[in-house]
Amino acid sequence: MALKSTESAGGVTAILGPTNTGKTHRAIERMLEWPSGMIGLPLRLLARELYDRVTTRVGENRVALVTGEEKRIPRRPDYWLCTVEAMPLDLEVDFLAVDEIQLATHAERGHVFTDRLLHARGSKETWFLGSDSMRRIIEQLVPTARFKRYPRFSELRDKGRSTISALTPRSAIIAFSAARVYQIAERIRQKKGGAAIVLGSLSPRARNAQVALYQAGEVDYLVATDAIGMGLNMDIDHVAFSELKKFDGRETRFLEPLEIGQIAGRAGRYLNDGTFGTLAPLPELPKSVVRAIETHRFTQQRRLIWRNHDLDMSSLASLIASLKQRPRLPQLQALEQADDFSALLYLVELAEIRKRASDPQRIALLWDVCRIPDYSKIMLEHHGKLLADIYLQLTGPSERLDPEWMESSIVRIDNIDGSIDSLLMRIEQIRTWTYISYHSGWVREAKSWQERTLKIEERLSDALHQRLVERFVEKSGARTARVGRRTRRRYAHSGEQSLLVDSPFQKLRQVQLKLSPAPIAEQTADVSWIQPLVDAPFSQFRLNDTGRIVALEKTLAQLTRGTDLLHPQLKLLLADEVGPGARMQLERRLVAWTRDLVEDLLSPLRHESLRRLSAAGKGLIYQLEQQLGTVLTKSARGQIQYLTEQDRRLLSDVDCHLGKRVVYLGRLLKPARVRQRIALCSVYLGQASLAAGFAKNTVSLQRLPKISEQTYLTIGFPVFGSRAIRADIVERIDKRLYREAENGPFEPPVELSNWLGCSQAKLAGVVQAFGFQPTSYGRFEKRR
């Protein structure tokens, strides 16, 4: 495959630099230039964001999403978007990338990133993305790595110290505990009308909803922990630190300049400049820190966190010893504390656990159980008891978890009543059960449990978002009036008055809606029918002949002309009361479905075996793709004459026919496929009448003067005389006519006119188009 990127192919490339340089975007583009690829992301939310982005490019049938709590794996995916911990490294992919590689220094998760740096590779190309501070240590650990650095798209400048009253709109205030976040958000509500909340403990759905509240202008302030340091790109102009100390799980410590810079870098996205500073009474940042952030120059990392990945499962003692192994390289520092290792030490103290962990298979299972995450970060004994119960059931007679035990554990969590903290706790608990349910070998009817736990998380997340809005967004008419004035100023250039009134749970973008003074809860339309469509399988949707997408007896969207025949655009056809969140959810799903439609239509041409074709064979495949599966033989003669015997065999295997008149794919001449081709052509060429006369058993169409021969060819009906004839029928007619001509001049068989649905007079024109000349008395002979 020809690579369009300017990055050099092969080997390891480290793309290092500050925030807002487009590193992740470049990685996506590069991956899509290869036949297969995988990207590891630091957060489940980011993996889902990239999944949404990539599926709108190539469809959902080619893309897998793999995190600890969510797995969407189609039958034969080409591209994988994963959390770093969940990357399936046993798969071979052409391109592999790991984002935020500087997390290799993280006290708890760093060993996973270090392992990927040392061992994860694409078969053709590998990228590591992150901070400049990693350059020296990557040079030492991966001597063959090449380095790329790109400038930040916008400037980042220190603004000094501010008070809450002086904070400008589109500001994010940073704190490092939930209590402190709530305290500041309450003050913002009193003085500014409201704030959105982002905590690391929020579920992706609740976090997206809060970010949506901010992105849309419902509130102009965001109060967050350092969870925004690696998150969605938001429209933040200023970042204000209310404190510079955090508890990192072991101790309370000052933030490193690099950590401050990572968070401050959220300000000023793409070409918009950003500022950072502190919130009174915190003093201004030291000048050395300000200089480092503004120039994006930070101290080079000297050591990465490491843990042995080659574990010895021969005995419990051997497993523990291999986990305690010290690194041999001076650049690596042993992982001091890990939840999974602490759980292992807790469980091996239990006699029954030791008794059952008697062989390598049982020991490996025990280690898998120990790696079940404790999202609640509660006491080890409490989580350890849960893990012990799970292991004892998995090593019991049924070797599965007891459904009644799971039911009793989960039903207690399915409760949307209570405070913010109560809902947060339940979300953390259900996430653990979602993780467990994705181990299909552990539970019966795994898919049913997965769907149930995810639905519970969604309900809890929606309730949590509502509680946060109720507590931290001003309820009085003053907020609405203030937002209305601000919004009118903000969108004055467009002549529209806009206010977001939905609670979207998806990838965000700038939106505009009609201004309404009603409270948020009263403004939100009933869009309960949207989510089933977002989650619906491919077969739920239908494309009609004019390019409209239909499902559940609703006309959802109209395809419009895109950059080429294979990449149509899409326009939603929804009522105005459907909010932007629901719109964007559905739009992403339909765009992905459209890409899947084209991929499915052309799937015979994308078969893996065709990668073994010669250059001539690949050239023919390209022509067939551009024409939706049909080309005239004379147009492809330059490729056909150089096909090898292997080429011809491989093409035959995918139902590609090398006819005398037409090269075509037999599967793409079936009525349902022809209708899809008609729809795509109608959209691209703007010819709604293309489907006129087409029925299930149609083999020939009367050619309409305003529709070109090339268009008919693209739907699989090349033109001969006044008729557009299905490609396989063209070959049959050609053989019949030449057989008739073997004994001299002949009259066109009457059954051909019946077959094509035309008169004998018009059949004469068809016969001439096949290369036969009239003689006398309505006879024809081979043209000399």
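Fair warning: this is a prediction, and the values are worked out from it, not measured in the lab. (Residues numbered from 1 in each chain as written. Predicted model: local features only at pLDDT ≥ 70, side-chain atom pairs only at ≥ 80, totals over all residues. Heavy atoms only, no water.)

K.L.:
Please give an account of the pattern of salt bridges that cites residues and values.
P.N.:
On inspection of all chains with the given rule, the structure shows 45 salt bridges. With a shortest N-O distance of 3.0 Å, Arg588 and Glu60 are connected by a salt bridge. Within this pair, whereas Arg588 is found in helix H20 (residues 580-601), its partner Glu60 is found in the loop between helix H2 (44-58) and strand E3 (63-66), the two being separated by 528 residues in sequence. Arg588 sits in the buried class, given a relative accessible area of 11%. Classification of Glu60 by relative accessible area gives buried; the value is 13%. Between Arg205 and Asp462 there is a salt bridge whose closest N-O contact spans 2.7 Å. Placement of Arg205 in helix H6 (residues 204-215) and of Asp462 in helix H16 (residues 446-472) is noted, with a sequence separation of 257 residues between them. The buried category is assigned to Arg205, whose relative accessible area is 16%. Where salt bridges share partners, they join Arg48, Asp52, Glu60, Glu70, Arg72, Arg588 and Arg589 into one cluster. (Salt bridge = Lys/Arg side-chain N within 4 Å of Asp/Glu carboxyl O. Helix = DSSP H or I, 4+ residues; strand = E, 2+ residues; numbered from the N terminus. Buried < 20%, exposed > 50% of the residue type's maximum accessible area, 1.4 Å probe, protein only.)

K.L.:
Please provide a residue-by-residue account of the packing of helix H15 (residues 420-437) against H16, values included.
P.N.:
Following both chains from N to C, one finds H15 and H16 inclined at 160°, their axes separated by 9 Å at the closest point. By the angle between their directions, the pair H15 and H16 is classed as roughly antiparallel. Like other packed secondary-structure pairs, H15 and H16 cross with a definite hand, here left-handed. A breakdown of the residues in the contact of H15 with H16 according to their chemical character gives 15 nonpolar, five polar and five charged. (Axes fitted to C-alpha atoms, helices over the stretch in contact; angles between N-to-C directions. Parallel < 35°, antiparallel > 145°, perpendicular 65-115°, else oblique. Left-handed = near helix turned anticlockwise from the far one by under 90°. Nonpolar A, V, L, I, M, F, W, Y, C, P; charged D, E, K, R; others polar.)

K.L.:
Outline the pairing of strand E10 (residues 171-174), supporting the account with residue identities and numerical values.
P.N.:
Of the two faces of E10, both are covered, the one formed by Ser171 and Ile173 as well as the one formed by Ala172 and Ile174. As paired elements, E10 and strand E12 (residues 221-224) share four bridges and run parallel to each other. Within E12, the residue paired with Ser171 across the bridge is Tyr221. Pairing analysis gives four bridges linking E10 to strand E13 (residues 238-241), with the strands arranged parallel. Considered in E13, the bridge of Ser171 is made with His238. (Pairing = 2+ DSSP bridges.)

K.L.:
Go over a nonpolar patch on the surface with me, naming the residues and quoting the values.
P.N.:
On the surface, a cluster of nonpolar side chains totalling about 330 Å² of accessible area is made up of Phe153, Tyr270 and Leu271. Positionally, Tyr270 belongs in the loop between helix H7 (257-264) and strand E16 (274-279). (Patch = residues over 30% accessible without salt bridge, like charges linked within 9 Å, V, L, I, M, F, W, Y side chains within 5 Å. Areas by Shrake-Rupley, 256 points an atom, 1.4 Å probe, with all protein chains shown as cover.)

K.L.:
Can you lay out the confidence of the model for the chain for me, pointing to particular residues and giving the numbers?
P.N.:
On average, residues of the chain score 87 in pLDDT, and 91% of them reach the 70 mark or higher. The weakest mean pLDDT in the chain belongs to helix H18 (residues 520-523) at 37; the strongest belongs to strand E6 (residues 95-98) at 98. Scored below 50 in pLDDT, residues 477-481 shows seven contacts in the model against residues more than four places distant or in partner chains. Note that pLDDT drops below 50 for residues 483-525; the model gives that stretch 88 contacts with residues more than four away or on any other chain. (pLDDT = per-residue confidence, 0-100. Contact = heavy atoms within 4.5 Å.)

K.L.:
So, the sheet that holds strand E28 (residues 723-725): which residues are in play, and what are the values?
P.N.:
Read from one edge to the other, the open sheet built from three strands follows the order E26-E28-E27, with strand pairing classed as antiparallel. The open sheet has two edge strands, strand E26 (700-702) and strand E27 (719-720), and neither has a second partner. Across three bridges, E26 lies against E28 in antiparallel orientation. Among the inter-strand pairings, Gln702 is bridged to a residue of E28, identified as Arg723.

K.L.:
Can you break down the environment of Asp237 residue by residue, with the values?
P.N.:
As for its position among the elements, Asp237 is in the loop between E12 and E13. Exposure remark for Asp237: the relative accessible area of 35% places this residue in the partly exposed category. Distance in space between the C-alpha atoms of Asp237 and Phe276 is 8.5 Å, their sequence separation being 39 residues. If near-sequence neighbours (up to four positions away) are discounted, Asp237 is found in contact with Pro169, Arg170, Ala267, Asp273, Gly274 and Thr275.

K.L.:
Go over the environment of Ala557, please, and point to the residues and values.
P.N.:
By the secondary structure assignment, Ala557 is in strand E21 (residues 554-560). Relative accessible area serves as the criterion here: at 0%, Ala557 is assigned to the buried category. Spatially, the C-alpha atoms of Ala557 and Glu284 are 52 Å apart, while their sequence positions differ by 273 residues. Once residues within four sequence positions are removed from consideration, Ala557 is found in contact with Gly547, Arg548, Ile549, Leu570, Lys571, Leu572, Leu573 and Leu590.

K.L.:
Got a sec to walk through the sheet that holds E13? Specific residues and values, please.
P.N.:
Spatial strand order, E9-E16-E13-E10-E12-E11: six strands in an open sheet with parallel pairing. The sheet terminates laterally at strand E9 (156-162) and strand E11 (196-198), the two strands that pair on one side only. Each strand of the sheet is rotated relative to its neighbour by a mean of 25°, with strand direction disregarded. Here three bridges tie E11 to E12, and the two strands are oriented parallel to one another. Each bridged residue has a counterpart across the sheet, and for Ala196 the counterpart in E12 is Leu222. Across the sheet, H6 lies against E10, E11 and E12, angled at about 140° from E11, the strand it touches most.

K.L.:
Let's hear about helix H21 (residues 615-626): which residues, and what values?
P.N.:
Helix length check: H21, at 12 residues, gives a terminal C-alpha distance of 17 Å against a target of 16 Å (1.5 Å per residue), a fit within 8%. When H21 is considered as a whole, its buried residues turn out to be Ala616, Gly617, Leu620, Ile621, Gln623, Leu624 and Glu625. Check the buried side of H21 and you find it contacts strand E23 (630-632), helix H22 (637-640), helix H23 (645-653), strand E24 (656-658) and strand E25 (662-665). (Expected span 1.5 Å × (residues − 1).)

K.L.:
How would you explain the packing of aromatic side chains if you had to name every residue and give the values?
P.N.:
Counting across every chain of the model gives nine aromatic pairs. Put simply, the rings of Phe538, Phe541 and Trp593 touch in pairs and so form one group of aromatic residues. Taking the ring centre of Tyr214 as reference, the NZ or CZ of Arg170 above it sits at 3.9 Å. Between Arg561 and the ring centre of Tyr684, over which it is positioned, the NZ or CZ distance is 3.9 Å. (Phe/Tyr/Trp six-rings, centres within 6.5 Å; stacked < 30°, edge-to-face > 60°. Lys NZ or Arg CZ within 6 Å of the ring centre and 35° of its normal.)

K.L.:
Account for the side chain of Glu625, with residues named and values stated.
P.N.:
Within the fold, Glu625 resides in helix H21. When its relative accessible area of 14% is taken as the criterion, Glu625 is described as buried.

K.L.:
Describe in detail the state of the cysteines, supporting the description with residues and values.
P.N.:
Counted under the stated rule, the structure contains zero disulfides. Not part of a disulfide, Cys656 finds its nearest cysteine sulfur in Cys681, a span of 18 Å. Judged by its relative accessible area of 7%, Cys656 is buried. (Disulfide = S-S within 2.5 Å.)

K.L.:
Tell me about the nonpolar core, and name the residues and values.
P.N.:
The biggest cluster of nonpolar side chains holds 70 residues, and the ones touching the most others in it are Leu344 and Leu366. For Leu366, the contacting residues outside a window of four places in its chain are Leu316, Leu344, Leu347, Val348, Ile353, Ala357 and Tyr391. Counting residues in each nonpolar core, the second largest holds 61 residues, with Leu533, Leu566, Leu690 and Ala691 among its members. (Core = buried A, V, L, I, M, F, W, Y, C linked by side-chain atoms within 4.5 Å.)

K.L.:
How would you summarise the environment of Ser203 if you had to cite specific residues and measurements?
P.N.:
Checked against the element boundaries, Ser203 lands in the loop between E11 and H6. For Ser203, a relative accessible area of 0% translates into the label buried. As a C-alpha pair, Ser203 and Leu424 span 221 residues in sequence and 8.3 Å in three-dimensional space.

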